[in-house]
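Below are the chains, spelled out letter by letter.
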Amino acid sequence: MALPREGIYGLLAEFETPTELVIAAKAAHDAGWRRLDCYSPYPLEEAAEVIGFHRNRVPLVTLIGGLMGLCAMFSLETWISTLAYPLNIAGRPTYSWPAFIVPAYEWTILFAGLSAAFGMLALNGLPSLYHPLFNAPSFRNGATVDKFFLCLEATDPKFDASEAKAFLEGFHPNSVVEVEY
Amino acid sequence: MGHAKTLPADLSAPGFVRGWQARSLVVAVLFTVTAVVLATLDHSAEHIYRAWVVGLMMCFGFSVGGLALLMVQHVTGGKWGLLLRRPLEAMTRTLPLVFVYWIVTGLWMKKLFLWARFSDAAAALKAGLINETEAHAIEWKRPMLNPEAFWIVGLICFAIWAFYTWKLNSWSLQRDADGPSTTAYWIRKFDNLSGFGIVVYALTMTAAVIYWVMSMDVTWYSSVYGLLFLVGEGYQVLALAVLTALSLSKAEPIKTILRKTEQYDLGKFMMAFVMLNIYLAFSQFLIIWSGNLPEEIVWYMNRINGHWGIIITLDFIFHWLIPFSLLLSRDIKTNKKRLMRVAQWMIFAKAFDLFWLVEPNFKDAAGNLHFSWGILEYIAVPVAMVSLWVAYYSWQLTRRPLVQTNDPHLAEILEPEHAHA
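Procedures and definitions
Residues numbered from 1 in each chain as written. Chains lettered and ligands numbered in written order. Predicted model: local features only at pLDDT ≥ 70, side-chain atom pairs only at ≥ 80, totals over all residues. Heavy atoms only, no water. Helix = DSSP H or I, 4+ residues; strand = E, 2+ residues; numbered from the N terminus. Buried < 20%, exposed > 50% of the residue type's maximum accessible area, 1.4 Å probe, protein only. Contact = heavy atoms within 4.5 Å. Areas by Shrake-Rupley, 256 points an atom, 1.4 Å probe, with all protein chains shown as cover. Lys, Arg positive; Asp, Glu negative; His and termini not counted. Charge placed at Lys NZ, Arg CZ, Asp CG, Glu CD. Salt bridge = Lys/Arg side-chain N within 4 Å of Asp/Glu carboxyl O. Domains from an automatic or database assignment. Core = buried A, V, L, I, M, F, W, Y, C linked by side-chain atoms within 4.5 Å. Expected span 1.5 Å × (residues − 1). Bend = angle between axes of the 7 residues up to and from the residue.

**Topic: the overall build of chain A**
And then number 1: Looking only at helices and strands, chain A features six helices and four strands.
And then number 2: Going from the N terminus to the C terminus, chain A shows its helices and strands as β-α-β-α-α-α-α-β-α-β.
And then number 3: Dimensions of chain A, computed from the C-alpha atoms along their principal axes, are close to 80 × 35 × 30 Å.
And then number 4: Relative to its 181 residues, chain A shows a buried fraction of 33%.
And then number 5: Taking the intrachain contacts of chain A between residues at least 6 apart in sequence as the baseline, contacts between residues at least 24 apart amount to 79%.
And then number 6: Accessible area of chain A: about 11000 Å², with a carbon and sulfur share of 64%.
And then number 7: Each charge class in chain A was averaged separately, 11 positive and 19 negative side chains, and the resulting centres sit 7 Å apart.

**A look at the pattern of salt bridges**
And then number 1: The full count for this structure, using the stated rule, is 18 salt bridges over all chains.
And then number 2: The partner of A:Asp30 in a salt bridge is A:Lys26, with the nearest N and O atoms 3.4 Å apart. Residue A:Asp30 and its partner A:Lys26 are both found in helix α1 (residues 18–30); the two are separated by four residues, about one turn of the helix.
And then number 3: The class of A:Asp30 is exposed, set by a relative accessible area of 56%.
And then number 4: The closest approach of N and O atoms between B:Arg50 and B:Glu46, which form a salt bridge, is 3.1 Å. Of this pair, B:Arg50 and B:Glu46 both sit in helix α2 (residues 46–76), separated by four residues, roughly a single helical turn.
And then number 5: Residue class for B:Arg50 comes out buried when judged on its relative accessible area of 3%.
And then number 6: Among the charged side chains, a salt-bridge network with shared partners connects B:Glu46, B:Arg50, B:Glu359 and B:Asp364.

**A closer look at the domain arrangement of chain A**
And then number 1: For chain A, the assigned domains read domain 1 (8–55 + 134–180) and domain 2 (58–124).
And then number 2: The C-alpha-based centres of domain 1 of chain A and domain 2 of chain A are spaced at 45 Å.

**A short note on the nonpolar core**
And then number 1: In terms of nonpolar packing, the biggest core is built from 145 residues, with B:Met57, B:Phe60, B:Trp161 and B:Trp212 touching the most fellow members.
And then number 2: If one sorts the elements of this core by residue count, α2(B) sits on top with 18 residues.
And then number 3: Setting aside residues up to four positions removed in sequence, B:Trp161 forms contacts with B:Phe60, B:Val64, B:Leu67, B:Leu95, B:Thr204, B:Met205, B:Ala208 and B:Trp212.
And then number 4: Formed by 22 residues, the second largest nonpolar core is a distinct cluster that contains A:Ala13, A:Ala25, A:Cys38 and A:Val176.

**Some points on helix α10 (residues 183–212) of chain B**
And then number 1: Between the first and last C-alpha of α10(B) there are 40 Å, a value that for 30 residues agrees with the 44 Å anticipated at 1.5 Å per step.
And then number 2: The largest bend in α10(B) comes to about 25°, at B:Gly197.

Written out as structure tokens, the structure is:
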């Protein structure tokens with residue numbers, strides 16, 4: 001969770017069409033901006049592409065979760081069948097691993113699925129009760145309806161409020177606003 | 001953000017496909033010689049007959065399995081299908097070679113099947129050639145398992161596969177000859193043929209594998225057997241089709257139409273077949289292991305005891321663990337070279353699985369894995385047969401344009417693609 005901060009979060013430009021957003025985002029990325037993000041009412045693959053969408057750790061979290069589920073269930077069954085409650089079932093050995101496979105597999109899937117979902121939430125910072133972008137009225141009104149946003153964030157070393165504003169205005173957005181924390 | 005690409009004017013197979021053909025013919029000859037040498041060392045041709053079945057099932061899997069996947073992609077549509085269609089069609093057109101392999105298998109029937117060797121089970125039992133269970137099974141299954149039925153059922157199956165092969169292939173050329181205004185008509189037409197064809201394929205294929213493989217152990221039966229082979233065919237066909245498409249992508253025209261998006265999709269599809277395959281194989285094992293009935297369990301005991309445990313463990317590793325672990329990775333699925341390695345591995349794993357299925361059917365090998373020069377025929381004979389098949393397949397690949405042009409997905413596949421992480 002981000003610590004409470006003061007000052008400018010970033011500069012937010014509102015565009016009317018996805019094409020304008022993608023052109024501006026590409027130009028910003030090419031100009032060296034790295035702390036920037038695009039916001040659109042629906043997934044916009046081109047936008048992700050031009051700002052250098054990179055891989056994340058969700059697959060790793062999922063793999064670890066799956067392996068944990070596998071080990072947990074297989075050990076649980078082994079413990080129950082051999083130590084805690086050994087039963088003679090049709091004369092089979094108490095450690096009859098073929099019978100353990102199905103539940104172990106189910107737990108692999110269950111843990112992997114839950115790890116993927118919760119790992120994704122943990123890594124992207126959701127659920128989030130507060131995000132500074134909602135301070136901008138244009139964002140509140142348009143981001144989930146029909147407007148396309150590009151935000152250059154203040155944490156970028158290139159960030160300078162007046163230069164960034166001039167840069168964004170070069171693309172003729174509907175508006176460019178400073179967003180406070 | 002580029003613009004849509006244009007398809008090259010020449011859609012025929014690149015020159016190096018001729019090279020594949022020549023090389024596989026050389027391999028076929030070398031391994032045929034090896035097979036003969038091994039038989040001399042072994043002082044018996046016994047293992048040639050057995051290994052022949054492995055070769056037959058590999059080639060049958062590619063050819064008729066290719067027909068099945070071709071029909072599936074006609075029914076489902078999708079851009080991946082456009083990429084694989086012509087390679088799959090080339091696979092189906094190798095049916096004549098599979099037919100020849102099958103005729104040879106039929107001629108060796110008495111060497112392979114107890115039910116064919118002993119027309120009088122009672123006499124064979126008295127002479128001590130078979131045990132009581134086998135004698136009973138031979139008599140009981142006589143209406144289905146007899147030489148006449150083997151030939152008749154086989155001929156009917158081949159006639160049906162040939163009909164679908166002919167229809168799908170000739171329509172495919174007519175479809176390209178017709179203009180874009182006919183696309184919807186052709187899609188409907190292919191749909192209607194393929195939908196029913198898939199059902200017919202599942203039934204005929206089940207009959208075929210019961211006659212050709214399952215009945216080598218006359219006492220045993222498993223109702224999931226046909227399905228197991230059906231999925232196994234999907235496994236090997238998809239591996240070969242992906243291998244073909246990726247190898248062809250070094251040159252036009254596939255170079256233009258192969259995108260990361262579809263390659264990644266095909267990788268996921270391979271993963272699905274790897275999963276389904278182990279799911280069915282393990283289900284059969286789990287059910288028979290749980291039941292532990294004397295009629296069924298022997299089949300597994302023949303394939304686990306006496307060092308066969310090593311083979312079944314390796315089979316599990318080769319067939320499932322390795323391709324599964326590799327295909328989990330997105331990097332491998334989107335890397336051409338690596339995905340090709342996985343596809344090659346899967347084809348090898350399929351052959352290894354067939355070895356485990358076939359060899360323990362015979363008395364000298366059941367529950368007793370041991371070395372003889374003959375057992376190496378399982379390498380020599382299938383490699384020779386599959387190489388000859390590959391030569392035929394490569395030749396068929398050169399006979400048509402590699403891309404179907406009268407298809408709505410063509411425009412989509414030529415569009416630029418988006419981010420992949």
